[in-house]
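What follows is the residue order along each chain.
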Amino acid sequence: MRITVVGTGYVGLVTGACLAQVGNQVLCIDIDAEKVARLRAGEIPIHEPDLPEIVRSGIDGGRLHFSTDIAEGVAHGEFLFIAVGTPPEEDGSADLRYVLQVASDIGKHLDQPRIVINKSTVPVGTAEKVRATIQAELDARGAKIAFSVVSNPEFLKEGAAVGDFMKPDRIIVGTDEEAVAQRMRDLYAPFNRNHDRVLVMDIPSAELTKYAANVLLATKISFMNELAGLAERLGADIEHVRIGIGSDPRIGFDFIYPGCGYGGSCFPKDVRALEHTARELGYDAPLIRAVESVNNAQKQVLERKLVEELGADLQGKEIAVWGLAFKPNTDDMREAPSRTLIDGLRRRGATIRAYDPVSMTEAKRIYAKMPEISFCEDPYAACDGADALMICTEWQIFRSPDFADLKRRLRHPLIIDGRNLYDPRLLKAAGLQYRAIGRP
Ligand code: UDX
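About the cut-offs
- Residues numbered from 1 in each chain as written.
- Predicted model: local features only at pLDDT ≥ 70, side-chain atom pairs only at ≥ 80, totals over all residues.
- Helix = DSSP H or I, 4+ residues; strand = E, 2+ residues; numbered from the N terminus.
- Rg over C-alpha atoms; globule rule 2.2 N^0.38 Å.
- Contact = placed C-beta atoms within 7 Å.
- Buried ≥ 20, exposed ≤ 12 C-beta atoms within 10 Å, placed from the backbone.
- UniProt positions renumbered as here; feature names shortened; annotations may be inferred.
- Near = placed C-beta within 6 Å.
- Nonpolar A, V, L, I, M, F, W, Y, C, P; charged D, E, K, R; others polar.
- Domains from an automatic or database assignment.
- Axes fitted to C-alpha atoms, helices over the stretch in contact; angles between N-to-C directions.
- Parallel < 35°, antiparallel > 145°, perpendicular 65-115°, else oblique.
- Left-handed = near helix turned anticlockwise from the far one by under 90°.
- Expected span 1.5 Å × (residues − 1).
- Arc of directions from axis to C-beta.
- Pairing = 2+ DSSP bridges.

## A few points about the overall build of the protein chain
Regarding its fold elements, the protein chain presents 18 helices and 14 strands. Scaling as 2.2 N^0.38, a compact globule of 440 residues should have a C-alpha radius of gyration of about 22 Å, and the protein chain matches this with 24 Å. Looking at the protein chain alone, contacts between residues at least 24 apart form 72% of all its contacts between residues at least 6 apart.

## Remarks on unusual backbone geometry
Even without being a glycine, N194 presents a positive backbone phi close to 65°. Take N194: it is sitting in the loop between α8 (178-188) and β8 (198-201). Note on N194: 5 C-beta atoms within 10 Å, which makes it exposed. Of note in this structure, E335 is not a glycine but carries a positive phi near 55°. Among the structural elements, E335 can be located in the loop between β9 (318-322) and α14 (337-347).

## Some details on the UniProt feature "active site" (unreviewed entry) in the protein chain
On the UniProt side, "active site" (unreviewed entry) is annotated at positions that read C266 here. Considering the arrangement of structural elements, one finds C266 in the loop between α10 (238-246) and α11 (267-280).

## Some points on the site of the ligand
The full set close to the ligand counts 19 residues, and E158, Y257, Y262, G264 and C266 are the nearest of them. The leading source of residues in the shell around the ligand is helix α9 (residues 203-234), at three residues. For the shell around the ligand, the class distribution of residues is 11 nonpolar, four polar and four charged. Counting contributing residues, the shell around the ligand receives three or more from each of domain 1 (2-201) and domain 2 (211-297).

## Observations concerning the domain arrangement of the protein chain
How big an interface is tends to be expressed through the accessible area that disappears when the partners come together. What the domain assignment lists for the protein chain is domain 1 (2-201), domain 2 (211-297) and domain 3 (299-435). Using C-alpha coordinates to define each centre, domain 1 is positioned 39 Å away from domain 3. At the junction of the two partners, domain 1 supplies four residues and domain 3 supplies seven residues. Across the side of domain 1 that touches domain 3, the residue classes break down as one nonpolar, two polar and one charged.

## Notes on the packing of α9 against helix α12 (residues 286-298)
To characterise two packed helices, one gives the angle between the axes of the helices and the distance between these axes. Two elements in contact, α9 and α12, have axes whose closest approach is 9 Å; the angle formed by their N-to-C orientations is 50°. Considering the angle they form, α9 stands oblique to α12. In this structure, α9 crosses over α12, and the sense of that crossing is left-handed. Where α9 abuts α12, its residues V215, A218, T219, S222, N225 and E226 lie against I288, V291, V294, N295 and Q298. Taken together, the residues that form the contact of α9 with α12 break down as five nonpolar, five polar and one charged.

## Looking at helix α6 (residues 126-140)
Look at α6: 21 Å from first C-alpha to last across 15 residues, which is about the 21 Å you get at 1.5 Å a residue. Inspection of α6 places T126, A127, V130, T133 and I134 among the buried residues, and these make up the whole buried set. Buried positions in α6, seen along its axis, are confined to an arc of 125° and lie on one side of it. Among the exposed residues of α6, those pointing more than 90 degrees away from its buried face are A136, D139 and A140. The elements touched by buried residues of α6 are α5 (97-109), β5 (114-118), β6 (147-151), β7 (171-174) and α9. At the C-terminal side of α6, G142 shows a positive phi close to 60°.

## Details of the UniProt feature "binding site: substrate" (unreviewed entry) in the protein chain
Within this structure's numbering, the places UniProt gives as "binding site: substrate" (unreviewed entry) are F155, L156, K157, E158, K210, F255, I256, Y257, P258, G259, G263 and K327. In summary, the annotated positions, distributed over 173 residues, remain apart in three dimensions as well, the widest C-alpha pair reaching 23.7 Å. With respect to the secondary-structure elements, G259 resides in the loop between α10 and α11. Once residues within four sequence positions are removed from consideration, G259 is found in contact with G418, R419 and I437. C-beta crowding within 10 Å serves as the criterion here: with 21 such atoms nearby, K327 is assigned to the buried category. In this structure K327 touches G159, G264 and T393, once residues within four positions along its chain are discounted.

## Some details on the sheet that holds strand β10 (residues 351-355)
In space, the six strands of this open sheet follow the order β11-β10-β9-β12-β13-β14, with parallel pairing throughout. Every other strand in the sheet has two partners, leaving β11 (373-375) and β14 (433-435) as the edge strands with one partner each. Each neighbouring strand pair of the sheet contributes to a mean axis angle of 20°, computed without reference to strand direction. Bridge count between β9 and β10: five bridges; the pairing is parallel. Residue pairing for β10: V321 is matched across the bridge by A354. Where helix α13 (residues 301-310) meets the sheet, it contacts β12 (388-391), β13 (414-417) and β14, and its direction lies at approximately 165° from that of β12. The strands touched by α14 are β9, β10, β11 and β12; relative to β9, the strand with the most contacts, the crossing angle is about 175°.

## Some words on α12
Because the α-helix completes a turn every 3.6 residues, residues three or four places apart line up on one side. Compared with the 18 Å implied by 1.5 Å per residue over 13 residues, the 18 Å span of α12 between its first and last C-alpha is a close match. Listed in full, the buried residues belonging to α12 are I288, V291, N295 and Q298. Seen along its axis, α12 keeps its buried residues to an arc of 90°; they face one direction. Of the exposed residues in α12, the ones pointing more than 90 degrees away from its buried face are P286, S293 and N296. On the buried face of α12, the contacting elements are α9, α11 and α13.

Below you can see the structure in the form of structure tokens.
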């Protein structure tokens, strides 16, 4: 099949590369000429496991192509994916400018029937706006061409995006047209495992499903974080409680890990966007509001614990921070808890010695003009002479460190762990003071 993907960000690039991997002819379009040039050379702008290999394989096999020319894109693909960004506005709503610009470009160049597939995360009602925008362009030039707009939201996890695309739990297809639903089933047939994963529904339901999934997952996390605060005050250990409730299959073990708050490009943005949609409709959605406010508070928890130990004034203190990415296996630092922590530490006058296994380049870009942050070669060096070690991301390499070595290096033997990585008994035995989330 011939497929065009507009937007080579996270979702677009993974979609294009995976569709090419199963044998389709895929053309990826981006307005950023430099990015397109780099992609043509097989250079991947993001850190994502397995992505470089499949992009390279697509390019070498002549199945995956890149261009800045949207007209070429519209001519190429029988399926036209829209996978451009929907950055949040000040009020939490999604900025649809880029999505609608692509729709308008499609309308300008459309000269034969096409299926337009929206993969960007967009508020309910956007597919209709995309349809109206394309139609207006066709009307403006008196063209009568049939086209369909499908909502096909993405459920990729960063760090596991290729695997998620190749082996999806479900493929949501929003369309009212039976023939279009069949073409979408054909398109996704290579990704069915054991049984058909395509779920066809009306367009608004498909659009809402994406938000429902992300906001429910965020709700589980915020609930656990709130409970962790309660556990601390009750002398209970949230890790026992987590296992105790997770064994109930109705609850399950996924997404009930307490921590220093959720971050990333999806949860914070989607929770705010759904909250904004409810507000716009005049519908009171207190639960969704609470998910966000609990998370905002949770991102302050590490700093609060440090202040309880070292006092409010951190002038002259050096703090080691392990983990800058919002989660392991990515270099993405968008809305990462580490950023809230680092901002707080800087305001209190501390200097920061940071280490992350992959997001150092990204961190150096973000903190370019801030001399109070230094970046260390390895996790142990970050602890040399530090007044505390604070952990923001559960990277594998942090899971079993040499505690005796840490004790020797730290000026003050304090570890504040935002991801509950360690057994408190081991740290006590090593002579380290240990504070975690929701643990006595
Ligand atoms: C998420 C959804 O999982 C994915 O389906 C959707 O398409 C995009 O948003 P992602 O943002 O890549 O994916 O990361 P995810 O693994 O879901 O983690 C999000 C945040 O929640 C991270 O900051 C993570 O540390 C935090 N988290 C996750 C917890 O604090 N506790 C948990 O139990 C799980």
